[in-house]
Amino acid sequence: MDFSCDIKKMNVEGDRLSSLPDDLIHKILSFVSIKHAVETSVLSSRWRFIWTAMPYLNFFSEEFPSLPEFSKAVTSVLSGRNDQIEVASLMLSLHEGVSRGFAKRVMNYAFAHNVQDMTITCLIEKKIRFPLSLFRSRSLKHLTLLGSIDRSVAPTWELPALTTLRLGYVTLYDEDEDEDEDEDEDEEEEVVDDDDDNNNIISMCPNLKILTLDGCKIMGSIAFSICHPQLSNLTLKNGGWGWNLFHVDVPQLKILTIVNCDWVHLSTPELTSFIYRSGYSLNFSTDNLSSLEEVDLCIHKPHEIEAHAIVGRLQQFHNVKYLTLNMEILEVLTSSVELISNQPSPFANLRSLKIHPVNIQLEGQAQKKVVVSDLVKNYLLGCSPSASFTMITREKIKASDATLAQHLMAELRLKLERDKANINWADMVQRKEPIKNYREDLTKQSQRETKKICDIISKLQRIEGLLTKLPTSNRAKMQLVFDSLCAEANFVIKKIDRSNTQGSLLSVCSDALAKAL
């Protein structure tokens, strides 16, 4: 349905929306694409030029049948817009190939109008040779690059006002980018094996406070160094996909989140909060964690052979005041009590200990009884007897539809993170080669992909079923989270389903997916 029709229906009994001031209308329209914002111009003379003063530009290529039509529409909007109005934010979502010239025009327009917030999303299989060196702005404060962006980063990338940077599945190179390169050049870039300055992506951003690297890859390096004097919040996700080793040397870092990374060396003397999520124990070394107060450690499926490493990690967190562990860690420690039987509790300052399960049994699965030994409890709480202790059992979670739905959404989000980390993004285009090149593996590959897709859809349906049982007020609070999870699941499914040979695997499950979404 046309967005303008929705507004007409809202105004049947009085045009209260039109009576709002322009800046408030602009804020409301910031939640939709500029295409829908322009469509409101047909409502009345009051709305005719509202869009021309929009400080929020949201361009989504998926709303157009082809890239040329999308490019034409974007050019028309930029030329018809009030040139005296600054751009507060730019969102550019690309689902097809894009020329360097097009991206350059859009970003140059935003930079010329003092854009402060920019999000570029490329949800396509073939990586885009994106002109990252075009990011030169004295006004830009928040930058997000997501998807199949494949381009070298020039040391001249200067963003002095930047405070927040998020890179998701971006491939970077240790080389300088040629500004005079042909706009539509398609040949492969040469990868230079030189990691002397591989952290230049943030070295020219002196005010950076928050950095997120999710599934990124740097060519020519087996390690990646993060050194910055002002950085206070760092998130490293899916690092095992591209890098084997992170060096984190950030003297002012306060909050560190690590999800699915192989090895991390920390030099963070001011670190106060540490969150870790993965399917295996974290390998890391550190110079000093004396300031650490809060730890949330979640190992999805720990094995008994990892018990020694887990105990070693807990010993390093001896100063924490607030500790959260997942039930599976305690169960592994219970199976290896000899490791802690003669050791005192390392936690002398503990004020709160929370235990929660990551995995629960659903209908049809064998029930696993929760057994946590007193020895393990004493090891965790023995030196802090006044600390509060909260244990959420699997039985408690299953007893409440709302709690179970929240738990399943968290579990599914963790699964999607692992699936994204396991996607071989570099081979996306190779998957399109003739089947004869990998005929022997095709059946097994299709079975694995089908199982992953159906598992995701099954979990979405399970969550949706729980949400429908909730009172309207409770369901409304969780619906936005579920919608976001569905969008992420849809993205992961499309990336998993990439053989595209005898019909899409996604189409096989399309009815179930549509029901879940």
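Cut-offs used in this document
- Residues numbered from 1 in each chain as written.
- Predicted model: local features only at pLDDT ≥ 70, side-chain atom pairs only at ≥ 80, totals over all residues.
- Heavy atoms only, no water.
- Helix = DSSP H or I, 4+ residues; strand = E, 2+ residues; numbered from the N terminus.
- Buried < 20%, exposed > 50% of the residue type's maximum accessible area, 1.4 Å probe, protein only.
- Contact = heavy atoms within 4.5 Å.
- Areas by Shrake-Rupley, 256 points an atom, 1.4 Å probe, with all protein chains shown as cover.
- 1 Å grid on protein atoms, 1.4 Å probe; cavity = no way out; pocket = protein on both sides within 12 Å on 5 of 7 lines; lining within 4 Å.
- Points joined across faces, edges and corners; volume = space filled by probe spheres on them.
- Nonpolar A, V, L, I, M, F, W, Y, C, P; charged D, E, K, R; others polar.
- Pairing = 2+ DSSP bridges.
- Expected span 1.5 Å × (residues − 1).
- Bend = angle between axes of the 7 residues up to and from the residue.
- Core = buried A, V, L, I, M, F, W, Y, C linked by side-chain atoms within 4.5 Å.
- Phe/Tyr/Trp six-rings, centres within 6.5 Å; stacked < 30°, edge-to-face > 60°.
- Arc of directions from axis to C-beta.
- Salt bridge = Lys/Arg side-chain N within 4 Å of Asp/Glu carboxyl O.
- pLDDT = per-residue confidence, 0-100.
- Axes fitted to C-alpha atoms, helices over the stretch in contact; angles between N-to-C directions.
- Parallel < 35°, antiparallel > 145°, perpendicular 65-115°, else oblique.
- Left-handed = near helix turned anticlockwise from the far one by under 90°.

### Quick look at the overall build of the protein
Phase 1 of the analysis: Secondary structure assignment for the protein yields 15 helices and 18 strands.
Phase 2 of the analysis: Counting all 517 residues of the protein, 49% fall into the buried class.
Phase 3 of the analysis: For the protein, restricting intrachain contacts to residue pairs at least 6 apart in sequence, the fraction spanning at least 24 positions comes to 62%.
Phase 4 of the analysis: In the form shown here, the protein has an accessible surface area of approximately 24300 Å², with 51% of it arising from carbon and sulfur atoms.

### What about the layout of surface pockets?
Phase 1 of the analysis: Estimates place the volume of the second largest pocket at around 640 Å³.
Phase 2 of the analysis: For the second largest pocket, the lining is made up of 24 residues, of which R277, A410, E411, R413 and L414 are closest to its centre.
Phase 3 of the analysis: If you tally residues by element for the lining of the second largest pocket, the top one is helix α11 (residues 401-422), at 9 residues.
Phase 4 of the analysis: Considering only residue class, the lining of the second largest pocket consists of 8 nonpolar, 7 polar and 9 charged.

### Let's talk about the pairing of strand β9 (residues 233-237)
Phase 1 of the analysis: Of all 5 residues in β9, 4 are buried, a share of seventy percent or more.
Phase 2 of the analysis: In terms of strand pairing, strand β6 (residues 210-214) meets β9 through 5 bridges, oriented parallel. From the neighbouring strand, L211 faces β9, where its bridge partner is L234.

### So, helix α13 (residues 472-496)
Phase 1 of the analysis: Here α13 is 25 residues long and its end C-alpha atoms lie 34 Å apart, about the 36 Å a rise of 1.5 Å per residue gives.
Phase 2 of the analysis: Within α13, the axis deviates most sharply at M478, by approximately 35°.
Phase 3 of the analysis: Of all the residues in α13, the buried ones are M478, F482, L485, C486, E488, A489, F491, V492, I493, K495 and I496.

### Quick notes on the nonpolar core
Phase 1 of the analysis: Residues M118 and I226 are the most contacted members of the largest nonpolar core, which totals 96 residues.
Phase 2 of the analysis: Apart from the residues lying within four places of it in its own chain, the contact partners of M118 are L90, M107, A110, F111, F135, L140, H142, L143 and T144.

### Some remarks on the packing of aromatic side chains
Phase 1 of the analysis: Enumeration according to the criterion identifies 3 aromatic pairs in this entry.
Phase 2 of the analysis: With a centroid separation of 5.6 Å and an interplanar angle of 55°, the aromatic rings of F64 and F70 are classed as tilted.
Phase 3 of the analysis: F64 sits in the buried class, given a relative accessible area of 19%.
Phase 4 of the analysis: An aromatic cluster is present here, built from F64, F70 and F102 joined pairwise through their rings.

### With respect to helix α4 (residues 67-80)
Each α-helix winds once per 3.6 residues, and so residues spaced three or four apart point in a common direction.
Phase 1 of the analysis: With 14 residues, α4 should reach 20 Å at 1.5 Å per residue; the first-to-last C-alpha distance of 20 Å fits that figure.
Phase 2 of the analysis: For α4, the complete set of buried residues consists of F70, S71, V74, V77 and L78. On an axial view of α4, the arc spanned by its buried residues comes to 130°, and they lie on one face. Of the exposed residues in α4, those oriented more than 90 degrees away from the buried face are P68, K72 and S79.

### Some thoughts on the pattern of salt bridges
Phase 1 of the analysis: Applying the stated rule across the entire model yields 6 salt bridges.
Phase 2 of the analysis: A salt bridge links K254 to E270; the shortest N-O distance between them is 3.6 Å. With a gap of 16 residues between them, K254 in the loop between β10 (245-249) and β11 (255-259) and E270 in the loop between β12 (263-267) and β13 (273-278) connect regions that are remote in the sequence.
Phase 3 of the analysis: In this structure, D296 and R277 form a salt bridge, with 2.9 Å as the shortest nitrogen-oxygen distance.

### Let's talk about the side chain of T393
Phase 1 of the analysis: Mapped onto the elements, T393 comes out in the loop between β18 (388-391) and α10 (394-399).
Phase 2 of the analysis: Among all residues touching T393, those that are not within four sequence positions of it are M327 and P357.

### Brief notes about the pairing of β13
Phase 1 of the analysis: Where β11 meets β13, 5 bridges bridge the pair, whose relative direction is parallel. Of the residues in β13, the one forming a bridge with L256 is F274.
Phase 2 of the analysis: When β13 meets strand β15 (residues 294-299), the two strands line up parallel, connected through 6 bridges. Pairing of S273 across the sheet is with E294, part of β15.

### A short note on the side chain of T52
Phase 1 of the analysis: The topology assignment puts T52 in the loop between α3 (34-39) and β1 (56-60).
Phase 2 of the analysis: The exposure class assigned to T52 is buried, which follows from its relative accessible area of 12%.
Phase 3 of the analysis: Excluding anything up to four places from it in sequence, T52 contacts G80, R81 and N82.

### Regarding the confidence of the model for the protein
Phase 1 of the analysis: When pLDDT is averaged along the protein, the result is 76, and 73% of the positions lie at 70 or above.
Phase 2 of the analysis: Per-element averaging of pLDDT across the protein places helix α14 (residues 505-508) at the bottom with 44 and strand β16 (residues 322-326) at the top with 94.
Phase 3 of the analysis: Low pLDDT, under 50, characterises residues 425-440; the stretch is placed with 26 contacts to residues that sit more than four places away or in other chains.

### Section: the packing of helix α7 (residues 307-316) against helix α8 (residues 327-334)
Phase 1 of the analysis: One can describe the packing of α7 onto α8 by two numbers: an axis separation of 10 Å at closest approach and a directional angle of 115°. Compared by their axis directions, α7 and α8 come out roughly perpendicular. You can see that α7 and α8 cross each other, and the crossing is left-handed. Residues A307, I310, V311 and L314 of α7 pack against I329, V332 and L333 of α8.
Phase 2 of the analysis: Along the lines of polarity and charge, the residues of the contact of α7 with α8 split into 7 nonpolar, no polar and no charged.

### Concerning the sheet that holds strand β14 (residues 283-286)
Phase 1 of the analysis: The parallel open sheet is built from 4 strands, whose spatial order is β8-β10-β12-β14. Both edges of this open sheet fall to β8 (223-227) and β14, since each of them pairs with a single strand only. On average, each strand axis in the sheet is inclined to that of its neighbour by 15°, with strand direction left out of account.
Phase 2 of the analysis: Of the strand pairs in this sheet, β10 and β12 are connected by 4 bridges, and their pairing is parallel. Among the inter-strand pairings, V248 is bridged to a residue of β12, identified as L266.

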